[in-house]
Amino acid sequence: MEERRTRKMKVMEEASRCLLCMDAPCSKACKGGDPARAIRAIRFGNKELAGQWVAGCDDADLLAAEAACIHYDRPIRIREVVKSLPACQDDARSCPDLAIDFCGMSCENPFFLASSAVCTNYEMVARAFEMGWGGVFYKTICKQEIREVSPRFDAVKSGMSIEGFRNMEQLSENPYDKDFDILRRLKRDYPSKGVVASVMGQYEEEWIELARMAEEAGCDAVELNFSCPQMRLAGMGSDVGQDLELVTFYTTYVKRAVNIPVIPKMTPNITNMQEPAIGAYFAGADAISAINTIKSITMTPSSEISNKKTVSGYSGKAVKPIALRFILEMTSHHIMNKIHPVHFSGIGGIETWRDALDFIQLGCRNVQVCTAVMQYGYRIIDDLVLGLQHYLSQRGVSHLEEIVGEELPNFVPPSQLDRETIVYPKIDADKCIGCGRCYVSCQDGGHQAIAFDSVTRRPRIVGSKCVGCHLCRLVCPMEAIGSTKRVVKKSSPPTIKD
């Protein structure tokens, strides 16, 4: 039975059960290593490198760590997780440079804190800088009185994981002069870090005044928040970002008033983000940030404000594909690559280095993180940096700059996609446990192209019916369905004549 449990255990699934404890009891009980750090590495996409933290552990160490686990259900199977890890790799052989230029800022890495609850005072940002974050887009500063609601957060969860995060928070609650003093001190104390002030005005003079104060405070750049979806006052936040003329005018006013880079932040609560982005571009924007949160509602009673509900912003892993779509449309737009260079800062669902890589390969030179920090803390910077460096090393790439936008040529309109070939799914009998999930999904949501033997509990692909949609591969809980080579379709659909 033990052999079967070990064979069937999915390492990522087990690592995802870990509570990621503060001052983890498992590591305190382990004399030979740091199993909590190894599990965190697995959780955030660095399984290949996780062995370095448990290389010195013997069975007694791992048994003690497992016994110390305080999981509410059952201990994490630390011994089995460690046994599944590949041999410890010597990552010191190569350390690719993650430094990159963003709007004239020489950033030690592309990972910045997003303007949000994760950066609201000096102590928070200083701690993040000490842990290795490359910079900060400080929480948006305004001149209006900010009064927040309680509670202000809600979430869509899958088990312990937050898939989507909803917040009703607005801007910084600090007096604006206090925030600019914080930014001044941050730049003084951490001159090598990128310090960006995010500001929001209500009319032309306020935008200009706040931007000038950011410049006077020594900020490296100023971000114009045209995108907050839950402002109490009309005519601010996403109300501006949805208006091409306002985006163009306010960007122009600020650009004329300051000498530091100006970075408009786009709202996703619009059909075509390219229009306001092009307006900002022609107004002289040095970079564009995208996306802010998406307008949404949740219906849980626990998020009600005195028995009332409202529309507010949605973020987290669930919004990443939407964010990538907006980034692609802007970075691939020929106009914004023609007259003067404009940089892009990607935001939306970034939790691991692989998430960040997706934005970088679509043309972003900088990425901002918020929701993942709210869940797991600033400590995720370790795996963001480690994973991206290892990826570059494996590819033989020395500088991050080399991969910015490299995936853009691979995107084409639907009309240019290959529709004459097919990739059939293939079932790995050794991995299949006979649950029948593939059969159910194909029967009720696909093309009835899987047969299932209820005696042997074995599925079988029916090639004559299979259209290569790969629904079966996606729903298989054991990842027992792979792909064959791409081949030419056996027959084409009949031509329909008029």
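Residues numbered from 1 in each chain as written. Predicted model: local features only at pLDDT ≥ 70, side-chain atom pairs only at ≥ 80, totals over all residues. Heavy atoms only, no water.

(A) Here's a closer look at the packing of aromatic side chains. Summed over the entire model, instances satisfying the criterion amount to 10 aromatic pairs. Between Phe44 and Tyr376, the ring centres sit 5.1 Å apart and the planes meet at 80 degrees, which makes this aromatic pair edge-to-face. Of this pair, Phe44 sits in the loop between α4 (35–43) and α5 (59–68) while Tyr376 sits in helix α15 (residues 371–376), and the two are 332 residues apart along the sequence. When its relative accessible area of 2% is taken as the criterion, Phe44 is described as buried. Given the relative accessible area of 8%, Tyr376 is considered buried. Taken together, the aromatic side chains of Trp207, Phe226, Tyr250 and Tyr253 make up a single cluster linked through ring pairs. (Phe/Tyr/Trp six-rings, centres within 6.5 Å; stacked < 30°, edge-to-face > 60°. Helix = DSSP H or I, 4+ residues; strand = E, 2+ residues; numbered from the N terminus. Buried < 20%, exposed > 50% of the residue type's maximum accessible area, 1.4 Å probe, protein only.)

(B) Geometry of the confidence of the model for the protein. Summing up the model confidence of the protein, the mean pLDDT is 91 and the portion of residues at 70 or higher is 92%. Predicted confidence is poor over residues 493–498, with pLDDT under 50, and the contacts of this stretch with residues over four places away or in other chains come to zero contacts. (pLDDT = per-residue confidence, 0-100. Contact = heavy atoms within 4.5 Å.)

(C) Geometry of the pairing of strand β4 (residues 135–141). A large share of β4 lies buried, amounting to seven of its seven residues. Bridge count between strand β3 (residues 111–113) and β4: two bridges; the pairing is parallel. Paired with Leu113 across the two strands is Val136, which belongs to β4. On the question of chirality, the crossover connecting β3 to the parallel β4 by way of helix α7 (residues 122–131) is right-handed. (Pairing = 2+ DSSP bridges. Right-handed = clockwise from strand over helix to strand, strands pointing away.)

(D) Looking closely at the nonpolar core. With 116 residues, the main nonpolar core has Trp133, Phe180 and Met266 as its most contacted residues. If you look at the next biggest cluster of nonpolar residues, it comprises 11 residues, including Cys432, Cys438, Ala449 and Cys466. (Core = buried A, V, L, I, M, F, W, Y, C linked by side-chain atoms within 4.5 Å.)

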